[in-house]
Amino acid sequence: MTITEIEAMLESGEKTPEQKLRLLKQVRATLMEELHGQQQLVDQVDYLIYTLQPTKKTRRTLI
């Protein structure tokens, strides 16, 4: 969802400030859920990178 789409939703129809605020809070909650899911994926990829990197002991023998 883009900011343009969010603004269009706010402008469509006659919404009270309270309704607009509720809508924005719902959009924010959805975005935060998506962000959390993406952060978990990044964490998993970071772990895989960590597991594939040589240890300090192995690095010394490679030099």
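Every chain is numbered on its own, with residues counted from 1 as its sequence reads. Since the coordinates come from a predicted model, pLDDT governs what is reported: local features require at least 70, and pairs of side-chain atoms require 80 or more to be given and counted, while whole-chain, interface and lining totals use all residues. The side-chain numbers reported here are obtained from all heavy atoms of the structure, hydrogens and water having been left aside.

### Describing a nonpolar patch on the surface
No. 1: Distance thresholds for patches are 9 Å for like charges and 5 Å for nonpolar side chains (Val, Leu, Ile, Met, Phe, Trp, Tyr), applied to residues having over 30% relative accessible area and no salt bridge. Only the protein chains shown count as covering a residue, and every accessible area follows the Shrake-Rupley method with a 1.4 Å probe. Any carboxyl oxygen of Asp or Glu within 4 Å of a side-chain nitrogen of Lys or Arg constitutes a salt bridge here. On the surface, a cluster of nonpolar side chains totalling about 250 Å² of accessible area is made up of L41, V45 and I49.
No. 2: A run of H or I in DSSP counts as a helix once it spans at least four residues, and a run of E counts as a strand once it spans at least two, with each numbered from the N terminus. Turning to its location among the elements, V45 is positioned in helix 2 (residues 17–52).

### Some thoughts on the environment of L10
No. 1: Assignment of secondary structure puts L10 in helix 1 (residues 3–11).
No. 2: Burial here depends on accessible area, computed with a 1.4 Å probe over protein chains only, as a share of the maximum for the residue type. Under 20% is buried, over 50% is exposed, and the range in between is partly exposed. When its relative accessible area of 17% is taken as the criterion, L10 is described as buried.
No. 3: Spatially, the C-alpha atom of L10 lies 8.4 Å from that of L24, the residues being 14 residues apart in sequence.
No. 4: Any pair of residues with heavy atoms lying within 4.5 Å of one another is described as a contacting pair. The residues contacting L10, other than those within four sequence positions of it, are K15, K20, L23 and L24.

### As for the packing of aromatic side chains
No. 1: Any two rings among Phe, Tyr and Trp, with Trp reduced to its six-membered ring, count as a pair given centres within 6.5 Å; such a pair is stacked if its planes are under 30 degrees apart, edge-to-face if over 60, and tilted if neither. For the structure on display, the rule yields 1 aromatic pair.
No. 2: Geometrically, the ring pair formed by Y47 and Y50 is tilted, given 6.4 Å between the ring centres and 35° between the ring planes. Taken together, the positions of Y47 and Y50, both in helix 2 and 3 residues apart, correspond to about one turn of that helix. Take Y47 and Y50: they sit in the same class, and that class is exposed.

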